[in-house]
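Spelled out from the first residue to the last, the chains are:
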Amino acid sequence: EPLNEVNAVLIAADRGIEVGQATAADDHGYRKYLEVRLEWGDHTSILAGAVLEGAQARLLRVDGFSVDMAPHGHTLLVWRRNSHVPGIIGRLGTILGDAGVGISSIQVGNEEIAGVGLLAVRLSEPIPAEIRDAIGDTPDVVRIEVVVFP
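Novice: Help me understand unusual backbone geometry in this model?
Specialist: As a rule of thumb, non-glycine residues mostly have phi less than zero, and peptide bonds are mostly trans rather than cis. Not every positive phi belongs to a glycine, and Ala114 is a case in point at roughly 55°. As for its position among the elements, Ala114 is in the loop between β6 (103-108) and β7 (116-123). Positive phi, close to 75°, is recorded for Asp140, a residue that is not glycine. Within the fold, Asp140 resides in the loop between α3 (129-136) and β8 (141-149).

Written out as structure tokens, the structure is:
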């Protein structure tokens, strides 16, 4: 069954997901702004997005980092130290290209939080575990996540 505003809380409850809701005065300049806090084990992530004119969904923030991308398909998130040092895009492109995985879009953040920067890479297809591991072994990479949006 497709997820929608009416059944989202029920589907979440069926899957053991706690759902809370709050409103805030700060909508970050968007009419329809949503912030989601995800907690699992000892990890926490905060994602924020908005719905723009024409029902275009946009992912705007990931753990405090600014991004601007449509949330669909397979997205690779790469956190790395020394984000001002060149070369990461070339290394990622080589690893993915050698595996036959294309890059649909890439965003390199200009900001660092606690000495770490973020790259958001939309992939043309899923990546195998060994490719994810190879990217994780790239110098200065401290975290890697693959997010699959519907």
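Novice: Just checking my understanding: could you explain the pattern of salt bridges for this structure?
Specialist: As a working rule, side chains carrying opposite charge can pair if their charged atoms are close by. Applying the stated criterion across every chain yields a total of four salt bridges. Salt-bridge contacts for Arg37 lead to Glu39; the nearest nitrogen and oxygen are separated by 2.6 Å. Just as Arg37 is exposed, Glu39 falls in that class too. When the shortest N-O distance is used, the salt bridge between Arg143 and Glu145 registers 3.4 Å. Look at Glu145 and you get partly exposed, because its relative accessible area is 25%. In the salt-bridge network here, residues are joined through shared partners; they are Asp63, Arg143 and Glu145.

Analysis parameters
- Residues numbered from 1 in each chain as written.
- Predicted model: local features only at pLDDT ≥ 70, side-chain atom pairs only at ≥ 80, totals over all residues.
- Heavy atoms only, no water.
- Helix = DSSP H or I, 4+ residues; strand = E, 2+ residues; numbered from the N terminus.
- Salt bridge = Lys/Arg side-chain N within 4 Å of Asp/Glu carboxyl O.
- Buried < 20%, exposed > 50% of the residue type's maximum accessible area, 1.4 Å probe, protein only.

Just geometry here; none of it tells us what the structure is for.
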